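Okay, here's what each chain looks like letter by letter:
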Amino acid sequence: MSETRPVALVTGAGSGIGAAIARRLAADGHLVAVNDLDESRVAAMAGEIEAAGGSAIPAVADVSDSAAVDAMFDAVEAAAGPVEVLVNNAGIGGNAAIRNVTDDFWERVLSVDLHGVLYCTRRAVGPMRERRSGSVVTISSRAWLGWWGQSAYAAAKAGVVGMTRALALELASRNVRVNAVAPGIIDTPLLRDRDPERLERLLKSVPLGRPGRVEEVAAAVAFLLRSRAITGQLLYVCGGKSVYAYPDWKDA
Ligand code: NAP
């Protein structure tokens, strides 16, 4: 039954935005390969999707390990068939003024947020090219435009925007589309844990005056997946912050 559903591999799907994307793509009729680092988290998300009437398989791997990524795709293809959709969502944050940006910090952020996107995309698009069918959506961040203390994160998230645009051209003749979504401030547990005064200042930098919801990011991903004339684009889900952002702090 599930074999007829197109396979969507979502990285970092055990939590936050990735979990919302996994739920949405399952509801839209995909078999979702649920990637994350933690086996029990992956099993729980796959179980939740199955319990809701969808199809899911576990796909545990560290996206910053290219050999592990290749092995994950091999296993998913063997179990469920070709991967039609890749959502590069796994990512780690990182806030440090430049004086505190160590080599280790820089490499840790880029290894997941930039190199991980390369490893997954490179492996996914090989068979997509052959089949002349497929779609990649990468979760960047509005922060790629620049934000205090985010040189490493912004470099990685800008890197995936460049990669998206280059690959869209490279793969268009093979009917493989490559797009990106740039969330702004999204309502996740991390945000709710902030102290109220800091949260209020942060939300003042959002023209719509509220954080986005994870389901709203998932809706943007779903839109790009079904919009078959769109490739090489970056879609902001940031309440207007990409147009104008008043800073919540200015120290560096
Ligand atoms: P999250 O709740 O921390 O979820 C990210 C998931 O990815 C976690 O389950 C995490 O596992 C997993 N992960 C981390 N490193 C991984 C790796 N090397 N391989 C596989 N999985 C890995 O984060 P989120 O807020 O939903 O963010 C999702 C994406 O949206 C990220 O790319 C982030 O940069 C981007 N984004 C988020 C916001 C926001 O406001 N939340 C705004 C703009 C962009 P662990 O928990 O074990 O690390």
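Heads up: these notes are all about the structure in this document. As the structure is a prediction and not an experimental result, all values here were calculated from the model.

### As for the pattern of salt bridges
One pass over the structure, following the stated rule, counts 13 salt bridges. Here Glu-48 ties to Arg-23 by a salt bridge, and the two come within 2.5 Å at their closest N and O atoms. A residue pair is termed long-range when its members are at least 10 positions apart, and Glu-48 in helix H2 (residues 39–51) and Arg-23 in helix H1 (residues 16–27) qualify at 25 residues. Among the residues examined, Glu-48 registers a relative accessible area of 35% and is labelled partly exposed. Judged by its relative accessible area of 39%, Arg-23 is partly exposed. Salt-bridge contacts for Arg-213 lead to Glu-216; the nearest nitrogen and oxygen are separated by 3.8 Å. Relative accessible area serves as the criterion here: at 22%, Glu-216 is assigned to the partly exposed category. Several salt bridges share partner residues, and in doing so they unite Arg-210, Arg-213, Glu-215 and Glu-216 into one network.

### Comments concerning the layout of surface pockets
If you add up the space inside the largest pocket, you get close to 1,300 Å³. For the largest pocket, the lining is made up of 43 residues, of which Ile-92, Gly-93, Tyr-153, Thr-188 and Leu-190 are closest to its centre. For the lining of the largest pocket, the secondary structure elements donating two or more residues are H1, strand S2 (31–36), helix H5 (151–171), helix H6 (189–192) and helix H7 (196–203). Considering only residue class, the lining of the largest pocket consists of 19 nonpolar, 15 polar and nine charged. Each pocket or cavity is described by its volume, and for the second largest pocket that value is around 230 Å³. His-30, Val-85, Leu-225, Arg-226 and Arg-228 are, among the 14 residues lining the second largest pocket, the residues nearest its centre. For the lining of the second largest pocket, the elements supplying multiple residues, two or more each, are H1, strand S4 (83–88), strand S5 (134–139) and helix H8 (214–226). Looking at which element gives the most residues to the lining of the second largest pocket, the answer is H8, with three residues.

### Notes on the side chain of Ser-140
Along the chain, Ser-140 falls in the loop between S5 and H5. Polar contacts involving the side chain of Ser-140 include one to the main-chain carbonyl oxygen of Lys-157, which spans 2.9 Å. Residues in contact with Ser-140, not counting those within four places in the same chain, are Lys-157, Val-160, Val-161, Val-181, Ala-182, Pro-183 and Leu-234.

### Remarks on the packing of aromatic side chains
The geometry of an aromatic ring pair comes down to the distance between the two centres and the angle between the two planes. For the structure shown, the criterion picks out one aromatic pair. Their ring planes at 90° and their centres at 5.3 Å tell us that Trp-147 and Trp-148 sit as a pair that is edge-to-face. On the basis of relative accessible area, Trp-147 is assigned to the buried category, the value being 15%. The ring of Trp-147 carries Lys-241 above its face, with NZ or CZ at 4.2 Å from the centroid.

### Regarding the site of the ligand
Lining the immediate environment of the ligand, one finds 25 residues, of which Ser-15, Asp-36, Arg-41, Asn-89 and Tyr-153 sit closest. Within the backbone of Asn-89, a nitrogen or oxygen atom sits 2.7 Å from an oxygen atom of the ligand. With respect to the ligand, the side chain of Tyr-153 contributes an N or O atom lying 2.6 Å from an oxygen atom. Of the pockets mapped on this structure, the ligand occupies the largest pocket. Its residues assigned to classes, the shell around the ligand comprises 11 nonpolar, 10 polar and four charged.

### With respect to empty space enclosed by the protein
Using the criterion set out here, one finds one cavity of 30 Å³ or more in the structure. Estimates place the volume of the largest cavity at around 30 Å³. For the largest cavity, the full set of lining residues is Asn-88, Val-117, Thr-121, Val-136, Thr-138, Val-160, Met-163, Thr-164, Leu-167 and Val-178. Elements with a contribution of two residues or more to the lining of the largest cavity: helix H4 (103–131), S5 and H5. Top element by residues in the lining of the largest cavity is H5. It accounts for four residues. By residue class, the composition of the lining of the largest cavity is six nonpolar, four polar and no charged.

Thresholds, definitions, all that
Residues numbered from 1 in each chain as written. Predicted model: local features only at pLDDT ≥ 70, side-chain atom pairs only at ≥ 80, totals over all residues. Heavy atoms only, no water. Salt bridge = Lys/Arg side-chain N within 4 Å of Asp/Glu carboxyl O. Helix = DSSP H or I, 4+ residues; strand = E, 2+ residues; numbered from the N terminus. Buried < 20%, exposed > 50% of the residue type's maximum accessible area, 1.4 Å probe, protein only. 1 Å grid on protein atoms, 1.4 Å probe; cavity = no way out; pocket = protein on both sides within 12 Å on 5 of 7 lines; lining within 4 Å. Points joined across faces, edges and corners; volume = space filled by probe spheres on them. Nonpolar A, V, L, I, M, F, W, Y, C, P; charged D, E, K, R; others polar. Polar contact = N/O pair within 3.5 Å; in protein donor to acceptor, adjacent residues only side chain to side chain. Contact = heavy atoms within 4.5 Å. Phe/Tyr/Trp six-rings, centres within 6.5 Å; stacked < 30°, edge-to-face > 60°. Lys NZ or Arg CZ within 6 Å of the ring centre and 35° of its normal. Near = heavy atom within 4 Å. Sits in = over half its atoms within 2 Å of the grid points.

In short, shape yes, function no, at least from these values alone.
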